[in-house]
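Structural description and commentary
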Amino acid sequence: MTAKLGQNIADAKQILIAEDVVAIPTETVYGLAGNALSLKAIARIYEVKDRPKFDPLIAHVPDIHAAEKLVTSFPKAAKILAEKFWPGPLTLLLEKKDTVPDLLTSGQPRVAIRVPNHPLSLQLLQELSFPLAAPSANPFGYVSPTTALHVADQLGHKISYILDGGKCEVGLESTIVGFHNQKITVYRLGGISIEDLEKTVGKVEVQVNTSSDPAAPGMLKSHYSPGKKLILGDISENLHTRKRQNVGVISFSEEFDVPKENLFILSKNSDFKEAAQNLFVALRSLDRPDISEILAEHFPENGLGRAINDRLRRASV
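Residues numbered from 1 in each chain as written. Predicted model: local features only at pLDDT ≥ 70, side-chain atom pairs only at ≥ 80, totals over all residues. Heavy atoms only, no water.

Some remarks on the overall build of the protein chain
Of the regular secondary structure elements, the protein chain holds 11 helices and 15 strands. Relative to its length of 317 residues, the protein chain is compact, with a C-alpha radius of gyration of 19 Å against a globular reference of 20 Å. Here the C-alpha coordinates of the protein chain stretch approximately 55 × 50 × 35 Å along the principal axes. Counting all 317 residues of the protein chain, 58% fall into the buried class. Of the contacts formed within the protein chain by residues at least 6 apart in sequence, a portion of 66% connects residues at least 24 apart. Surface summary for the protein chain: the accessible area is close to 13,200 Å², and the carbon and sulfur share equals 48%. When the 36 basic and 37 acidic side-chain charges of the protein chain are each reduced to a single mean position, those positions are 2 Å apart. (Helix = DSSP H or I, 4+ residues; strand = E, 2+ residues; numbered from the N terminus. Rg over C-alpha atoms; globule rule 2.2 N^0.38 Å. Buried < 20%, exposed > 50% of the residue type's maximum accessible area, 1.4 Å probe, protein only. Contact = heavy atoms within 4.5 Å. Areas by Shrake-Rupley, 256 points an atom, 1.4 Å probe, with all protein chains shown as cover. Lys, Arg positive; Asp, Glu negative; His and termini not counted. Charge placed at Lys NZ, Arg CZ, Asp CG, Glu CD.)

With respect to the packing of helix H1 (residues 9-17) against helix H6 (residues 119-127)
Contact pair H1 / H6: the axes reach a minimum separation of 10 Å and the direction vectors enclose 50 degrees. When the interaxial angle is binned, H1 and H6 end up oblique. Here H1 and H6 pass one another in a crossing that is right-handed. Here Ile9, Ala12, Lys13 and Leu16 of H1 come into contact with H6, specifically with Leu120, Gln123, Leu124 and Glu127. Grouping the amino acids of the contact of H1 with H6 by side-chain chemistry returns 5 nonpolar, 1 polar and 2 charged. (Axes fitted to C-alpha atoms, helices over the stretch in contact; angles between N-to-C directions. Parallel < 35°, antiparallel > 145°, perpendicular 65-115°, else oblique. Left-handed = near helix turned anticlockwise from the far one by under 90°. Nonpolar A, V, L, I, M, F, W, Y, C, P; charged D, E, K, R; others polar.)

A word on the pairing of strand E3 (residues 31-35)
Where burial is concerned, most of E3 is hidden: 5 out of the 5 residues are buried. Of the pairings in the sheet, the one linking strand E2 (residues 22-24) to E3 comprises 3 bridges and is antiparallel in character. Looking at E3, one finds that Val22 is bridged to Ala33. Linking two consecutive strands that pair antiparallel, namely E2 and E3, is a turn of 6 residues. Bridging between E3 and strand E7 (residues 132-133) involves 2 bridges; their strand directions are antiparallel. When the bridges of E7 are listed, Asn35 appears paired with Leu132. (Pairing = 2+ DSSP bridges.)

Overview of the nonpolar core
Formed by 77 residues in total, the largest nonpolar core has its most connected members in Phe74, Trp86, Leu92 and Leu197. The dominant element in this core, judged by the number of residues it contributes, is helix H10 (residues 272-285), at 7 residues. Excluding residues that lie within four positions of it along the chain, Leu197 makes contacts with Leu81, Phe85, Leu90, Thr175, Val177, Val186, Ile192, Gly202 and Val204. (Core = buried A, V, L, I, M, F, W, Y, C linked by side-chain atoms within 4.5 Å.)

Remarks on the packing of aromatic side chains
Taken as a whole and judged by the stated rule, the model has 3 aromatic pairs. Note on Phe74 and Trp86: the rings are 6.5 Å apart at their centroids and 90 degrees apart in plane angle, and the pair reads as edge-to-face. Here the residue Phe74 occupies a position in the loop between helix H3 (64-68) and helix H4 (76-85), and Trp86 occupies one in the loop between H4 and strand E5 (90-95), the gap between them amounting to 12 residues. Taken individually, Phe74 and Trp86 each receive the classification buried, so the pair is uniform in this respect. (Phe/Tyr/Trp six-rings, centres within 6.5 Å; stacked < 30°, edge-to-face > 60°.)

Notes on a negative patch on the surface
On the surface, Asp234, Glu237, Glu254 and Glu255 cluster together into a negatively charged patch. Tracing the chain through its elements places Asp234 in the loop between strand E12 (229-232) and helix H9 (235-239). (Patch = residues over 30% accessible without salt bridge, like charges linked within 9 Å, V, L, I, M, F, W, Y side chains within 5 Å. Salt bridge = Lys/Arg side-chain N within 4 Å of Asp/Glu carboxyl O.)

What about the side chain of Thr105?
Mapped onto the secondary structure, Thr105 falls in helix H5 (residues 102-105). Excluding anything up to four places from it in sequence, Thr105 contacts Pro56, Lys96, Val100, Arg110 and Val111.

Remarks on the pattern of salt bridges
For the structure shown, the criterion picks out 17 salt bridges. When the shortest N-O distance is used, the salt bridge between Arg311 and Glu173 registers 3.0 Å. Of this pair, Arg311 sits in helix H11 (residues 305-315) while Glu173 sits in the loop between strand E8 (161-163) and strand E9 (175-180), placing them 138 residues apart in sequence. Overall, the relative accessible area of 5% leaves Glu173 in the buried class. A salt bridge links Asp290 to Arg288; its shortest N-O distance comes to 2.9 Å. A residue is classified by how much of its surface remains accessible, and Asp290, at 38% relative accessible area, is partly exposed. Salt bridges linked by common partners bring Glu173, Asp310, Arg311 and Arg314 together as one network.

Structural notes on the side chain of Glu173
Side chain to side chain, Glu173 and Ser144 meet in a polar contact 2.5 Å long. Only 3.0 Å separates the side chain of Glu173 from the side chain of Arg311, close enough to count as a polar contact. (Polar contact = N/O pair within 3.5 Å; in protein donor to acceptor, adjacent residues only side chain to side chain.)

Concerning the sheet that holds strand E14 (residues 263-265)
Read across the sheet, 4 strands follow the order E12-E15-E13-E14 without closing on themselves; strand pairing throughout is parallel. Here the strands that pair on one side only, and so sit at the sheet edges, are E12 and E14. Going across the sheet, the axis of each strand differs from the next one's by a mean of 20 degrees, ignoring polarity. Taken strand by strand, H10 contacts E12, strand E13 (247-251), E14 and strand E15 (293-296), and its axis lies near 175 degrees from that of E14.

Remember that the coordinates give geometry; whether it matters functionally is a separate question.
Printed below as a string of structure tokens:
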């Protein structure tokens, strides 16, 4: 099987109704989508990704009304965030109805839900009678895909169709937020910054502890990893002890004395948004046979810098 790339909503819809999977674009990363209410389709997602079934999936819906059909309650703070950031890179963790399969949530009582901000996927969701489970469209644990060709390279032999929506605008997965006992908790750092959340609903807690029994998607210790060892720290210091021709470098905005093809500057203007968009592209581009290891640096711990650091830490484990 070789996946077809295209923009035909009808073709994607037909495959999904048949309880199979397609890759879809979102503003964050490409997702491997299947009917979120079908055990057969969910199992197919886990099979294609080789993903452990204890790692829950996110349900994608076209709007807040579709989200309300999946949950027993919608806290006031959750509704405020949804109205502010949907469609967008925000996932809400809410108490699920019994109609939501336990396989989707890995047995957890809460379901992760979001409205993606991409015209093709929104149109597809609006034409379907069910939500879509859609984790990143890549082999489990590897770097997330931000173009249709990334998906084709990794999963093209396992799926039949990739809905091609161009390059992802955000490039980092969604921020995941839960609500319990009047507390608002961030379980995964992502495309919505802590600062923007707190401007909207006040103080939030951050609980992105790595776990082998995750409460939300994206909490596993090792994730988003290239095939090469990634070393996180002071790039100049780490370069002193290495042969520069065999080392890949991912920097925020600074030039380093390594071969040009081995250096990936995420944003020459030190722009967090641009850096986030380019991060997974950089990890993929330096995962080459001639590169022995990849050096990267810590970002400032504010704005999207927190989420970039989170992905780099997990990629370096």
